[in-house]
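# Reading the structure
Below are the chains, spelled out letter by letter.
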Amino acid sequence: MTKKSSVHFGNRERRMSKDSLPDLMEGNKARSSSRSSGAKSPTRSNGAIRRSDKQDRPGYDRTDTSASGWATENEDDENKPKELSDFEKKKEAFITRAIWSVLMIGIFFGSMFAGHIYVIIIVTAVQIISFKEVIAISNVPSRARSLRFTKTLNWYFLGSTMYYLYGESVIYYFKHIVLIDRVLLPFATHHRFISFMLYVMGFVFFVGSLQKGHYRFQFTQFAWTHMALYLIVVQAHFIMNNIFEGMIWFFLPVMLVITNDIFAYICGITFGRTQLIKLSPKKTVEGFVGAWVCTVIIGFALTNLLMRSSYFICPVNDLGANILTGLTCEPNPVFLPHTYTLPFIPPHWTLLPTTLTVSPMQFHIFIMSTFASLIAPFGGFFASGLKRTFNIKDFGDSIPGHGGMTDRMDCQGIMGFFAFMYYQSFIAVYKASVGSVIETAINGLTAEEQMEVVRGLAKHLYNQGVVGGQVVEYLGANLRLGVMRR
């Protein structure tokens with residue numbers, strides 16, 4: 001009896017005698033020598049050794065063993081996903097960037113037309129995401145994990161700062177609602193003290209959480225958090241105030257920065273030669289100046305269009321208003337046409353006009369466009385320097401294809417800040433409002449003096465024919481009864 005051995009070929013099993021093994025080995029050696037000499041490898045088909053037709057075809061891969069069942073060392077490599085070429089990577093990145101750009105544009109215009117409250121929600125979300133990104137770049141995960149309240153304190157300071165700033169805005173612009181509400185009145189009159197105590201509690205908690213061996217890291221985080229609060233949350237507060245003053249004071253600064261960014265790129269790749277600043281090697285002087293000219297032109301066109309809509313030029317007096325319902329107000333004088341005399345035109349030059357009729361807003365938009373073109377980009381340069389300091393490309397990946405939220409908003413903060421300061425200094429019309437009168441009466445008069453003001457206003461309205469005599473009599477009787485009860 002000869003001992004049998006098993007040899008596996010794919011899924012088939014053939015049995016051969018022990019004596020036949022040397023013959024098999026010699027055959028394998030012969031085939032190996034024929035391969036090394038350049039001969040093509042034979043394959044098994046239906047039990048016979050023959051030359052495969054598939055091997056003679058161009059593009060045949062020797063490592064393809066799916067038909068024969070032989071396992072090779074290249075099998076795992078074939079299962080791995082192929083790496084994309086540079087062109088395919090750029091194409092995929094471009095598609096992602098384009099999709100998210102269209103999505104962001106749709107959200108921006110959709111919220112703006114839907115109403116002021118939706119724009120406020122967008123601004124709030126942007127500042128929270130930006131704060132998170134800026135805080136994250138200085139964070140050391142291993143240290144943060146060993147210190148229990150590092151992240152908690154960051155978010156606490158953000159919340160207390162937003163409470164103070166949002167409260168200031170709501171109280172200022174909606175005094176006539178907040179100050180007459182019994183629940184909101186204590187919070188409104190003591191808002192600043194409450195905000196201060198909230199901050200002090202966070203400060204005390206921070207000092208109490210200091211741990212030996214981590215002082216440098218904790219104080220670095222404390223200082224970094226306050227820098228982020230100033231550069232992001234405080235500037236977002238002024239952008240919020242721009243929305244309350246009128247949608248045009250929010251929309252114009254945003255569009256001027258976007259317009260300048262687009263034309264700086266176009267002019268830079270078209271005729272840019274001279275480098276502007278080392279922090280951003282791709283920025284050129286030609287693109288910088290060309291974008292300024294284009295931004296001024298676009299600014300004039302946008303202003304002329306937006307001034308025609310009361311929804312954009314009126315301050316917010318109804319948070320439920322939208323582009324369809326609109327707003328009603330007495331327009332700011334800067335939006336009304338004004339005739340100017342041109343002093344440099346000689347009187348005998350009758351062919352040239354001696355006067356110019358234009359809205360003062362056109363002069364103001366020139367200043368704002370200039371700031372958006374020549375000063376606001378330095379907010380982007382500041383962000384570039386910050387990223388180079390920490391050796392990062394983007395602040396985050398909040399927006400696929402665009403990097404982080406902070407990367408897109410680096411110029412918007414300083415532009416919105418400037419727009420608020422410029423508006424308050426040169427454009428705003430200060431006059432008594434219902435809210436300011438109520439605030440003065442509540443904070444500066446006693447209850448008896450407040451009732452006297454009400455009686456006086458009732459008599460004035462009666463004399464003007466606005467209310468009837470019954471109103472005056474009713475108020476007089478009930479106010480006297482109130483004084484007696486006190």
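Residues numbered from 1 in each chain as written. Predicted model: local features only at pLDDT ≥ 70, side-chain atom pairs only at ≥ 80, totals over all residues. Heavy atoms only, no water.

### Re the overall build of the protein chain
Along its length, the protein chain carries 20 helices and eight strands. Counting the 486 residues in the protein chain, one finds 34% classified as buried. Of the accessible surface of the protein chain, which amounts to about 30800 Å², a share of 63% is contributed by carbon and sulfur atoms. (Helix = DSSP H or I, 4+ residues; strand = E, 2+ residues; numbered from the N terminus. Buried < 20%, exposed > 50% of the residue type's maximum accessible area, 1.4 Å probe, protein only. Areas by Shrake-Rupley, 256 points an atom, 1.4 Å probe, with all protein chains shown as cover.)

### Some thoughts on the nonpolar core
Counting residues in hydrophobic clusters, the biggest one holds 55 residues, and the most contacted among them are Phe 250, Met 368 and Met 415. Aside from chain neighbours lying at most four places away, what touches Met 415 is Pro 253, Leu 256, Val 257, Met 368, Phe 371, Ala 372 and Ala 376. Formed by 19 residues, the second largest nonpolar core is a distinct cluster that contains Ile 135, Phe 157, Ile 232 and Phe 395. (Core = buried A, V, L, I, M, F, W, Y, C linked by side-chain atoms within 4.5 Å. Contact = heavy atoms within 4.5 Å.)

### What to know about helix α19 (residues 447-463)
With 17 residues, α19 should reach 24 Å at 1.5 Å per residue; the first-to-last C-alpha distance of 25 Å fits that figure. Residues Met 451, Arg 455 and Ala 458 constitute the buried set of α19. Down the axis of α19, the buried set is contained in an arc of 60°. They therefore lie on one face. In the stretch just after α19, Gly 465 is the one whose phi turns positive, near 80°. (Expected span 1.5 Å × (residues − 1). Arc of directions from axis to C-beta.)

### Considering the environment of Ala 383
Secondary-structure assignment places Ala 383 in helix α15 (residues 377-389). Classification of Ala 383 by relative accessible area gives buried; the value is 6%. Through-space distance from the C-alpha of Ala 383 to that of Met 409 is 9.8 Å; in sequence the pair is 26 residues apart. Each residue touching Ala 383, except ones within four places of it in the same chain, is listed here: Phe 395 and Asp 410.

### Description of the UniProt feature "transmembrane region" (unreviewed entry) in the protein chain
The feature "transmembrane region" (unreviewed entry), as given by UniProt, occupies residues 94-111, 153-173, 193-210, 222-240, 246-267, 288-307 and 363-383 in the numbering adopted here. As annotated, residues 94-111 has a helix share of 100% and a strand share of 0%, and its two end C-alpha atoms lie 26 Å apart. (UniProt positions renumbered as here; feature names shortened; annotations may be inferred.)

### Quick word on unusual backbone geometry
Residues other than glycine seldom take positive phi values, yet Asn 391 does so here, at roughly 55°. With respect to the element layout, Asn 391 can be found in the loop between α15 and α16 (405-409). Note on Asn 391: relative accessible area 72%, which makes it exposed.

### Focus: the state of the cysteines
A full pass over the atoms with the stated rule returns one disulfide. A disulfide bridge connects Cys 314 with Cys 329, and the sulfur atoms are separated by 2.0 Å. Here Cys 314 and Cys 329 share a disulfide; its torsion about the S-S bond, -85°, makes the bridge left-handed. Of this pair, Cys 314 sits in the loop between α13 (310-313) and β7 (338-341) while Cys 329 sits in the loop between α13 and β7, and the two are 15 residues apart along the sequence. Relative accessible area serves as the criterion here: at 1%, Cys 314 is assigned to the buried category. Classification of Cys 329 by relative accessible area gives partly exposed; the value is 31%. (Disulfide = S-S within 2.5 Å.)

### Things to note about the packing of aromatic side chains
Overall, the coordinates contain 28 aromatic pairs when judged by the stated rule. Between the aromatic rings of Tyr 311 and Phe 312, the centroid separation amounts to 5.6 Å while the plane-to-plane angle is 85°, which identifies the pairing as edge-to-face. For Tyr 311, a relative accessible area of 1% puts it in the buried group. With relative accessibility at 5%, the residue Phe 312 sits in the buried group. Between Phe 371 and Phe 418, the aromatic rings sit 3.8 Å apart at their centres with planes inclined by 5°, giving stacked as the arrangement. A residue pair is termed long-range when its members are at least 10 positions apart, and Phe 371 in helix α14 (residues 361-374) and Phe 418 in helix α17 (residues 412-427) qualify at 47 residues. For the pair Phe 371 and Phe 418, a shared accessibility class is recorded, and that class is buried. (Phe/Tyr/Trp six-rings, centres within 6.5 Å; stacked < 30°, edge-to-face > 60°.)

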